[in-house]
Structures are given as structure tokens and as C-alpha cells.
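Summary of the model geometry
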Amino acid sequence: DAKTTQPTSMDCAEGRAANLPCNHSTISGNEYVYWYRQIHSQGPQYIIHGLKNNETNEMASLIITEDRKSSTLILPHATLRDTAVYYCIVRVHGTSYGKLTFGQGTILTVHP
Amino acid sequence: DTAVSQTPKYLVTQMGNDKSIKCEQNLGHDTMYWYKQDSKKFLKIMFSYNNKELIINETVPNRFSPKSPDKAHLNLHINSLELGDSAVYFCASSQDAHAGELFFGEGSRLTVL
């Protein structure tokens, strides 16, 4: 699975959009981009995933560049409860037996 | 009604002891996992079972023995505990062995003294 690079930390004001970038320049054509987050003292939580089209669900939007070498997770209206470590993971869909390789992630702090 | 539940949530024990962590999922999933999160917060997969069959074993010491009595349960038994085993252990499940959407439990914090 391709390696990802994320900023170590980011800040966001409550109510504003949080845009979390992820670089995956070595991504292969059959690899999906997954996002998870881990709120303090909790287990990781799946957020969203995509291949090349932009995706949106009730939690977030995922924007993938046309060359697929980077992506951005968007939390449209961040709340204090969104403070967490956000992990960007690249994985071949349908294989790897659910093996998610977590990196260091981005610590997002949402402040009042 | 918790989807993936682990017990105990906290476990403090002495070096050399044997301990078990239990996990149950009520999602009807076929596949279950154990992940370890160390003091540096890195999450690493340890084991995965699909329909009670071991499909991933990430070079974990033999002291760690997972057991899956049925597809809704995956327990982790650790023999001869060492200081380095101190970590948070997360159980997870997914619909099948190829799914990328995993549902994690709340974690079990193991402290070895």
C-alpha cells in the first residue's frame, strides 16, 4: 500500500471548515484513499473513502486531485467534538484483508 | 447497544502473568481484528480472523494467541507478559475480509508492571 504524508497538526475555529490535506504521490491506480479519525481515548472511526471522484457523506467530504496524488478531507462546520487525530490511509480496495496501515496522522484541534 | 465491545477496558498486571482480553461484535460481520497502539500512538495490526479462520498474523510473538470461538467473538490471550506489552489493544470488525471500513471497539489499556 502507498505511503501517505500528512501535517503533524492543524488548528481550526469552531464553526469553520477544517481542511485536512494528505499527500499520496505514489498511489496506484487501484488504491483507494481512506480517512479515519481517533478521538482521545476512543477507537478509530471510519469517516469516508474514495477512488478518484469526490465523495461526501454525513460526516465529511473527500476531494481527490485529478492526478490522485493528494486529497483533502473537509469537515464543513467543525465542532469541538471533531478534535481528534485524523488518519489518511491508502489501500487497495478488495484486497489486503482489511489491513489498514496507520501513519502518524494529523492532530486537529478545534478551538472555540 | 455497542457494536464492538471489549473487556476489560483496563488491565494492570505483573510481568510474567497471563491475561486475556475479550471482544464481541453484534454487527453480523465475518471478519475481526486485533490492533495494538503503543505509547507512541502508532496503530498496528496484529491478527485478523475471517469466519473463525486466521488470515493475518503480523509476526506477533508466540506469547500472543488469538482465539475465535465463533465469528462474533475474537479473544486475545497473552502469556508471560512483558513490560513492552503495555499498550492499548483495539478489537475491530468488518463485513468481510476485503472491506476497508472497520468498526473499532473502545480499546483495552494493558499496563504491565
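Here, every reference points to the structure presented above.
In this text, all values refer to a predicted model and were calculated from it rather than measured experimentally. (Residues numbered from 1 in each chain as written. Chains lettered and ligands numbered in written order. Predicted model: local features only at pLDDT ≥ 70, side-chain atom pairs only at ≥ 80, totals over all residues. Heavy atoms only, no water.)

**Description of the sheet that holds strand S9 (residues 106-111) of chain A**
Residues and elements named next belong to chain A. Cut-off, in case you're wondering: For two strands to count as paired, DSSP must find a minimum of two bridges between them. Secondary structure counts use DSSP, requiring at least four H or I residues in a row for a helix and at least two E residues in a row for a strand, with both numbered from the N terminus. Lines fitted to C-alpha atoms define the axes, with helix axes restricted to the stretch in contact, and inter-axis angles between N-to-C directions lie between 0 and 180 degrees.
On the basis of which strands lie adjacent, the open sheet formed by 5 strands has the order S1-S9-S8-S3-S4 and mixed pairing. Strands with a single pairing partner mark the edges of an open sheet, and in this sheet they are strand S1 (9-13) and strand S4 (45-50). Averaged over all neighbouring strand pairs, the angle between strand axes comes to 25 degrees, with direction disregarded. Relative to S4, strand S3 (residues 31-38) runs antiparallel, the two being bridged by 5 bridges. The residue bridging Val33 from the neighbouring strand is Gly50, located in S4.

**Section: the state of the cysteines**
Defined as follows: Criterion for a disulfide: a pair of cysteine sulfur atoms at a distance within 2.5 Å. In this scheme, a residue with accessible area under 20% of its type's maximum is buried, one over 50% is exposed, and one in between is partly exposed, where area comes from a 1.4 Å probe on protein chains only.
Applying the stated criterion across every chain yields a total of 2 disulfides over all chains. Linked covalently through their sulfurs, A:Cys22 and A:Cys88 form a disulfide whose S-S length is 2.1 Å. The sign of the -80 degrees torsion about the S-S bond sets the A:Cys22-A:Cys88 disulfide as left-handed. Of this pair, A:Cys22 sits in strand S2 (residues 18-23) while A:Cys88 sits in strand S8 (residues 84-92), placing them 66 residues apart in sequence. The disulfide partner of B:Cys23 is B:Cys91, and the S-S distance across this bridge is 1.9 Å. On the S-S bond that ties B:Cys23 to B:Cys91, the torsion sits near -80 degrees, and the link is left-handed. In this pair, B:Cys23 sits in strand S3 (residues 19-25) while B:Cys91 sits in strand S9 (residues 87-94), placing the two residues 68 residues apart along the sequence. Across this residue pair, the class does not change: B:Cys23 and B:Cys91 are buried. A:Cys12 forms no disulfide, and the closest cysteine sulfur to it belongs to A:Cys22, at a distance of 18 Å.

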